[in-house]
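Structural description and commentary
Residues per chain, in single letters:
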Amino acid sequence: MPRLIRRYFFSTDHKVIGLQYGFTSLFFLLVGFALVMLIRWQQAFPAQPIPLVGGWLGQANAPGGVLLPEFYNQLGAMHGTIMVFLGVVPLAFGAFGNYVVPLQIGAPDMAFPRLNMTSYWLYLAGGLVMLASFFVPGGAANNGWTSYAPLSDLAPGHGQTLWLIGMALLINSSLLGALNFIATIVQLRAPGMTWFRMPFFVWSQLVTAFLLLLAFPPLEGAAVLQLMDRLAGTSFFLPSGLVIGGQPLQVAGSGNALLWQHLFWFLGHPEVYVLILPAMGIVAEVVTNNTRKPLWGYRLMVYSVFVLGFLSFIVWAHHMYLTGMGTTIGAFFQATTMIISIPSVIILSSLILSLYGGSIRFNTPMLFALGFMPMFGLGGLTGLPLGLAATDIPLHDTNYVVAHFHYLVAPGTIFALFAGIYYWFPKITGRMMNEALGKIHFVGSIICMNVIFLPMFVQGLAGVNRRLWDGGTLYTHAQGTLSLNVPMSYAALALAFFQIFFVINLVWSIRGGRTAGANPWEATTVEWSAAPSPPREHGNFDRVPRVVRDPYEYSAPGATAGFLPQAEGDAT
């Protein structure tokens, strides 16, 4: 038993840690999805008892099974927090990055294995603290996933305090992981693995690590300052003259509530690319493998990723046009926001151009990768009006913003993550996932997600605000769009149903899937061409791989085979 605990719970093997991140983040994605199911019921059928589970929520949260507005706010705040910080980012960076990056660069492990283990346990601790906040007096944080001051400073109960502690743990986890990834990619590449022989997925993870390393410290500082406001009587985010319940607030004052917004969004916008860049890297690997041709514009895509990472630090205030910023500084952030769309378009265009002339295999990973492209494109295109002050002001805080962001994250980033799971599953387990179940999962998911999110654009353009407990039933201008909440909620229920096919496929295929062989996709990169499937427990490779060519040598002129492995020798 002690050996099993060391091997599977306190392992320093990057592959085990990647799987720990993967299964934990999938659990949190399930929790976040469960919360949004309650939100969608309330939107479609306001003030009506929730069937089946309404009685389990407690009289303090849902008397008679009917959600109270205060609990609805908790669900909204924690759904966003869990899905972004506990679900998608750890899956994209912690799980895929940990498992795949060392294999792709020919490294035996991460540079700092114990630091890697510590990073996972800090992440798990932060997640458990977040979940525990639902069970303390007053419930979880209910100030939105952005926790804007001064509301979050003054919120009663312990939920917001636990949110801040949990966020500090998650930030430290990400910082340790980011340092580890940078050191690993810089120092542990196999012989012959020059910079421009690295797969695009590795480049995407490298830039993501720099984003985390540089953007998270300001938010950690902000979390500490807000904790001091709540627990030590300071007033970093509390301005003078606040009146609460008719009584002046007895604090020193002179704080600045907008300071929290600046510190949060300085992380918040690079965080969008922390989600998207690993997704782009996954899609690039799947597309080039299944078109059987080199990645179009590989170097241009690498340069674009660096430009994207740099520009992500100077666009944060386009979330803050309603704070009264001057026209000059507003013009600066509008210009940088328009410019940052250029490298995104270059990367997406390169992925689309990679399809031209390819002998495309429409397997499950490829279907999810193909689904990513128009969904991400729609999410990016609908973000342009939000980058301009004149159009952002009427659209700000409406359901239009919800639809825009979810198109980037749900049918966008999450589709890419599903593509990665189906693609690298044979490497992890030595078995294939079932194609029929995978295609049912894809078709059902893409239909349901569009039925959920497309109508939100209509509601947002009609001026319907987000975070409304009743979905807008009290507002005259919302009446024409209220009926859309019903099909949207039924589509969310159907989306949950189609995820059952994925869960069954995942669990069954681990032991019952068809044996895959060392390189079932006939891929060129090192993890497929030089490592056994599954890789060795420690060290990954039977012998140190030597890289002799570029990463995507498919259909090379004059070659006798349709693909040329990047490393010498095939996996054994």
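Residues numbered from 1 in each chain as written. Predicted model: local features only at pLDDT ≥ 70, side-chain atom pairs only at ≥ 80, totals over all residues. Heavy atoms only, no water.

1. Here we look at the overall build of the protein
What the protein contains, in helices and strands, is 16 helices and 2 strands. Once the C-alpha set of the protein is aligned to its principal axes, its extents read approximately 80 × 60 × 45 Å. When contacts within the protein are restricted to residue pairs at least 6 apart in sequence, those whose partners lie at least 24 apart make up 79%. Accessible area of the protein: about 22200 Å², with a carbon and sulfur share of 70%. Both charge centroids of the protein, one from 24 positive and one from 20 negative side chains, sit 10 Å from each other. (Helix = DSSP H or I, 4+ residues; strand = E, 2+ residues; numbered from the N terminus. Contact = heavy atoms within 4.5 Å. Areas by Shrake-Rupley, 256 points an atom, 1.4 Å probe, with all protein chains shown as cover. Lys, Arg positive; Asp, Glu negative; His and termini not counted. Charge placed at Lys NZ, Arg CZ, Asp CG, Glu CD.)

2. Digging into the packing of helix 11 (residues 364-383) against helix 14 (residues 435-461)
Packing of helix 11 against helix 14 brings their axes to within 9 Å, and their N-to-C directions diverge by 10°. In terms of axis orientation, helix 11 runs roughly parallel to helix 14. Between helix 11 and helix 14, the contacting residues are Thr364, Pro365, Leu367, Phe368, Gly371, Met375, Leu378 and Thr382 on the first element and Glu435, Gly438, Lys439, His441, Phe442, Ile446, Asn450, Leu454 and Phe457 on the second. Here the contact of helix 11 with helix 14 is built from residues that sort into 9 nonpolar, 6 polar and 2 charged. (Axes fitted to C-alpha atoms, helices over the stretch in contact; angles between N-to-C directions. Parallel < 35°, antiparallel > 145°, perpendicular 65-115°, else oblique. Nonpolar A, V, L, I, M, F, W, Y, C, P; charged D, E, K, R; others polar.)

3. Points about empty space enclosed by the protein
Tallied over the entire structure, the rule returns 2 cavities of 30 Å³ or more. There is about 200 Å³ of room inside the largest cavity. Forming the boundary of the largest cavity are 18 residues, of which Tyr21, Pro90, Phe93, Ser173 and Ser174 lie nearest the centre. At the level of elements, helix 3 (69-104), helix 4 (113-132), helix 6 (159-187) and helix 7 (200-231) are the ones that each hand at least two residues to the lining of the largest cavity. Looking at the lining of the largest cavity element by element, the count peaks at 6 residues for helix 3. When its residues are assigned to classes, the lining of the largest cavity shows 10 nonpolar, 7 polar and 1 charged. In this model, the second largest cavity occupies a volume close to 40 Å³. Of the residues that constitute the lining of the second largest cavity, the class distribution is 6 nonpolar, 1 polar and 1 charged. (1 Å grid on protein atoms, 1.4 Å probe; cavity = no way out; pocket = protein on both sides within 12 Å on 5 of 7 lines; lining within 4 Å. Points joined across faces, edges and corners; volume = space filled by probe spheres on them.)

4. Overview of the environment of Ala95
Within the fold, Ala95 resides in helix 3. When the C-alpha atoms of Ala95 and Val16 are compared, they prove to be 9.4 Å apart, with 79 residues separating the residues in sequence. Those residues in contact with Ala95, other than ones at most four positions away along the chain, are Gly18, Tyr21, Gly22 and Pro90.

5. Regarding the packing of aromatic side chains
Scanning all chains against the criterion turns up 46 aromatic pairs. Their ring planes at 20° and their centres at 5.9 Å tell us that Tyr423 and Trp521 sit as a pair that is stacked. Residue Tyr423 is found in helix 13 (residues 399-429), and its partner Trp521 is found in the loop between helix 15 (485-512) and helix 16 (526-529); the two are separated by 98 residues along the sequence. Judged by relative accessible area, Trp521 falls into the buried class, the value being 6%. Site record: aromatic cluster; members linked through ring pairs are Phe10, Tyr21, Phe27, Phe28, Tyr120, Trp121 and Tyr123. Residue placement shows Arg189 over the ring face of Trp195; its charged tip is 4.0 Å from the ring centre. Arg299 extends its terminal NZ or CZ atom over the ring of Phe196, reaching a point 4.1 Å from the ring centre. (Phe/Tyr/Trp six-rings, centres within 6.5 Å; stacked < 30°, edge-to-face > 60°. Buried < 20%, exposed > 50% of the residue type's maximum accessible area, 1.4 Å probe, protein only. Lys NZ or Arg CZ within 6 Å of the ring centre and 35° of its normal.)

6. Topic: a nonpolar patch on the surface
Nonpolar side chains collect at one region of the surface, where Ile5, Tyr8, Phe9 and Phe10 lie side by side and expose about 390 Å² of accessible area between them. Looking at where Ile5 falls in the secondary structure, it is placed in helix 1 (residues 2-8). (Patch = residues over 30% accessible without salt bridge, like charges linked within 9 Å, V, L, I, M, F, W, Y side chains within 5 Å. Salt bridge = Lys/Arg side-chain N within 4 Å of Asp/Glu carboxyl O.)

7. Details of the packing of helix 13 against helix 15
Taken N-terminus to C-terminus, the directions of helix 13 and helix 15 make an angle of 20°; their axes are 12 Å apart at the nearest point. As far as their axial angle goes, helix 15 and helix 13 are roughly parallel. The handedness of the crossing between helix 13 and helix 15 is left-handed. Facing helix 13, whose interface residues are Phe418, Ile421, Tyr422 and Phe425, helix 15 presents Gln499, Phe502, Asn505, Leu506, Ser509 and Ile510. Of the residues in the contact of helix 13 with helix 15, the class split is 7 nonpolar, 3 polar and no charged. (Left-handed = near helix turned anticlockwise from the far one by under 90°.)

8. Details of the pattern of salt bridges
This structure, assessed with the given rule, holds 4 salt bridges. Across the pair Lys15 and Asp13 runs a salt bridge, and its minimum N-O distance is 2.9 Å. Taken individually, Lys15 and Asp13 each receive the classification buried, so the pair is uniform in this respect. The salt bridge involving Asp397 is made with Arg466; its shortest N-O contact spans 2.7 Å. Of this pair, Asp397 sits in the loop between helix 12 (389-395) and helix 13 while Arg466 sits in the loop between helix 14 and helix 15; the two residues are 69 residues apart in sequence, bridging distant segments of the chain.

9. Observations regarding the layout of surface pockets
One number sums up the size of the second largest pocket: a volume of about 880 Å³. Taken together, 30 residues form the lining of the second largest pocket, with Leu19, Phe23, Tyr99, Ile428 and Thr429 sitting closest to its centre. At the level of elements, helix 1, helix 2 (14-44), helix 3, helix 13 and helix 15 are the ones that each hand at least two residues to the lining of the second largest pocket. A per-element tally of the lining of the second largest pocket places helix 2 first, with 8 residues. In the lining of the second largest pocket, the residues fall into 19 nonpolar, 5 polar and 6 charged.

10. Quick look at helix 4
Spanning 20 residues, helix 4 covers 29 Å between terminal C-alpha atoms, matching the ideal 28 Å at 1.5 Å per step. On its buried face, helix 4 is in contact with helix 2, helix 3 and helix 6. (Expected span 1.5 Å × (residues − 1).)

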